[in-house]
Amino acid sequence: MQPHFHPPAWLEALGWVSLALAGASALAIGADMTLRGARQRMWIMHVVYPVTALYWGPAALWFYATHGRRTSRPAIEEQGEPDPEKLPTWVTSAKAISHCGAGCVLGDIAGEWLVHATGFTLAGKPLYADFLLDFTFAWLLGIGFQYFTIAPMRDISPGRSLWVAVKADSFSIVSFQIGLFAGMRLYQEVLFAPGLAKTTASYWLFMQLAMVVGFFTAWPVNGWLVRVGWKEKM
């Protein structure tokens, strides 16, 4: 069994608070879309917005309330289709990142728990196994998320939509994972060596922070992808 750093009680409490706020934000978004009828025109956004809240917490809830509800079917019927050209650049960039980010988050969660359950290591380190599985799952899910964004917006074949999704989101996923993996290495091998256990709330608190870092390292790439038309402006 790998040795672990034992986090202090205050850090564990902070971790639980962060996870609770993230979970409550995700549930609030999901309830608004399902129970209150704010259905999005793209079904994939019913996954993207709540998953984004898993690491951005209340900030994602604010973004959804401010910008996400505007693209719901009731809002479009009442106010008309929003013009993406009139949106601030930071809003379109944030939406573009959120698609690959949601795939990365779900992929990372799956990869992390698979490594924990199997005891898989790479070069003798669980962290390297995390990197391998996290990236693999994140890439597959991220491409899927992007496909279901592109396909409804472009009048092209499924095969062409898949290729466009691969071309667009591969750059985005790599840039997101660079920031995420840098954050993971910092807290697992520098700040809390020999590493926090995945069964602690502290681990997932710092995982949330690493995902936020990944969000920002993906920012320049996604801005460029939107400008050249590889990603849709939403």
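All values derive from a computational prediction rather than experimental measurement. (Residues numbered from 1 in each chain as written. Predicted model: local features only at pLDDT ≥ 70, side-chain atom pairs only at ≥ 80, totals over all residues. Heavy atoms only, no water.)

Q: For this particular structure, what's the right way to read helix α1 (residues 9-34)?
A: Three- or four-residue spacings in an α-helix give side chains the same orientation, since the helix completes a turn every 3.6 residues. For α1, spanning 26 residues, the distance from its first C-alpha to its last is 37 Å, which sits close to the expected 38 Å at 1.5 Å a residue. Check the buried side of α1 and you find it contacts α2 (45-56), α3 (58-68) and α8 (201-217). (Helix = DSSP H or I, 4+ residues; strand = E, 2+ residues; numbered from the N terminus. Expected span 1.5 Å × (residues − 1). Contact = heavy atoms within 4.5 Å.)

Q: I tried to follow the layout of surface pockets on my own but got confused; where do I start?
A: Any empty space left between atoms is shown by rolling a water-sized probe over those atoms. Within this model, the largest pocket holds a volume of roughly 520 Å³. Forming the boundary of the largest pocket are 22 residues, of which Gln2, Pro3, His4, Pro126 and Lys198 lie nearest the centre. Examining the composition of the lining of the largest pocket, we find that three residues originate from one element, helix α6 (residues 126-153), more than from any other. Classifying every residue of the lining of the largest pocket gives 10 nonpolar, eight polar and four charged. Empty space within the second largest pocket amounts to approximately 220 Å³. Looking at the lining of the second largest pocket, the elements that each hand over two or more residues are α2, α3 and α5 (89-118). Residue composition of the lining of the second largest pocket, by class: 12 nonpolar, two polar and no charged. (1 Å grid on protein atoms, 1.4 Å probe; cavity = no way out; pocket = protein on both sides within 12 Å on 5 of 7 lines; lining within 4 Å. Points joined across faces, edges and corners; volume = space filled by probe spheres on them. Nonpolar A, V, L, I, M, F, W, Y, C, P; charged D, E, K, R; others polar.)

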